[in-house]
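# Fold and geometry: a report
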Amino acid sequence: GKYPSWSISVLQDVPRLMRGMVSHAIKGSIPKEQYDRSLLVYQHERELKQAAGFDTPDDAYLLVVGSGGKIEWSYHGPVTNPAMEGLAGASKAGQ
């Protein structure tokens, strides 16, 4: 894509004995060229969800994070053209 992006999978609640199998299945569903843009999170789930404003499990969450780690723009809901336009505008503003 035009802007760097990462896919985040939160596995904190997955039992430790199952994490290897679950992470293997997730990696198997990701194209190899996107491996370096995929993040598996095993701790601090509550903090991540709080920062993202997480409240609807089936929604997509889009965040623009500035170089200092501050969330500059966020959205959750269906990925629509207006949502992507907002993401693009926020990403350009942060450059």
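On a predicted model such as this, the values are computed, not experimentally measured, just so you know.

### A look at the overall build of the protein
If you tally the helices and strands in the protein, you get three helices and four strands. Going from the N terminus to the C terminus, the protein shows its helices and strands as β-α-β-α-β-β-α. Dimensions of the protein along its principal axes, counting C-alpha atoms only, are 45 × 30 × 25 Å. By residue count, 18% of the 95 residues in the protein fall in the buried class. Residue pairs in contact within the protein that sit at least 24 positions apart in sequence constitute 39% of those at least 6 positions apart. Surface exposure of the protein reaches about 7300 Å², of which carbon and sulfur atoms provide 54%. Each charge class in the protein can be summarised by its mean position, and for the 10 positive and 10 negative side chains these summaries are 7 Å apart.

### Remarks on the side chain of Ser-23
As for its placement among the helices and strands, Ser-23 is situated in helix H1 (residues 16–28). Once residues lying within four places of it in the same chain are set aside, the contact partners of Ser-23 are Leu-11, Leu-40 and Tyr-42.

### Some thoughts on the pairing of strand S4 (residues 71–77)
Of the pairings in the sheet, the one linking strand S3 (residues 60–65) to S4 comprises six bridges and is antiparallel in character. The residue of S4 that forms the bridge with Val-65 is Ile-71. Adjacent in sequence and paired antiparallel, S3 and S4 are bridged by five residues, among which Gly-69 carries a positive phi angle near 90°.

### Structural notes on the pairing of strand S1 (residues 7–10)
Note that S1 and strand S2 (residues 38–41) share four bridges and pair parallel. By the bridge assignment for S2, Val-10 is matched with Val-41. Taking the sense of rotation as the criterion, the β-α-β connection linking S1, H1 and S2 turns out right-handed.

### Overview of the environment of Ile-71
Along the chain, Ile-71 turns up in strand S4. On the basis of relative accessibility, which here comes to 28%, the residue Ile-71 falls in the partly exposed class. Counting along the chain gives ten residues from Ile-71 to Tyr-61, while the straight-line C-alpha distance between them is 12 Å. Among all residues touching Ile-71, those that are not within four sequence positions of it are Ala-51, Ala-52, Leu-63, Val-64 and Val-65.

### A short note on the packing of aromatic side chains
Counting across every chain of the model gives two aromatic pairs. Taking 6.4 Å as the distance between ring centres and 15° as the angle between the ring planes, the aromatic pair formed by Trp-73 and Tyr-75 counts as stacked. Residue Tyr-75 is classed as partly exposed on the basis of its relative accessible area of 23%.

The rules behind these values
- Residues numbered from 1 in each chain as written.
- Predicted model: local features only at pLDDT ≥ 70, side-chain atom pairs only at ≥ 80, totals over all residues.
- Heavy atoms only, no water.
- Helix = DSSP H or I, 4+ residues; strand = E, 2+ residues; numbered from the N terminus.
- Buried < 20%, exposed > 50% of the residue type's maximum accessible area, 1.4 Å probe, protein only.
- Contact = heavy atoms within 4.5 Å.
- Areas by Shrake-Rupley, 256 points an atom, 1.4 Å probe, with all protein chains shown as cover.
- Lys, Arg positive; Asp, Glu negative; His and termini not counted.
- Charge placed at Lys NZ, Arg CZ, Asp CG, Glu CD.
- Pairing = 2+ DSSP bridges.
- Right-handed = clockwise from strand over helix to strand, strands pointing away.
- Phe/Tyr/Trp six-rings, centres within 6.5 Å; stacked < 30°, edge-to-face > 60°.

Geometry only, nothing functional implied.
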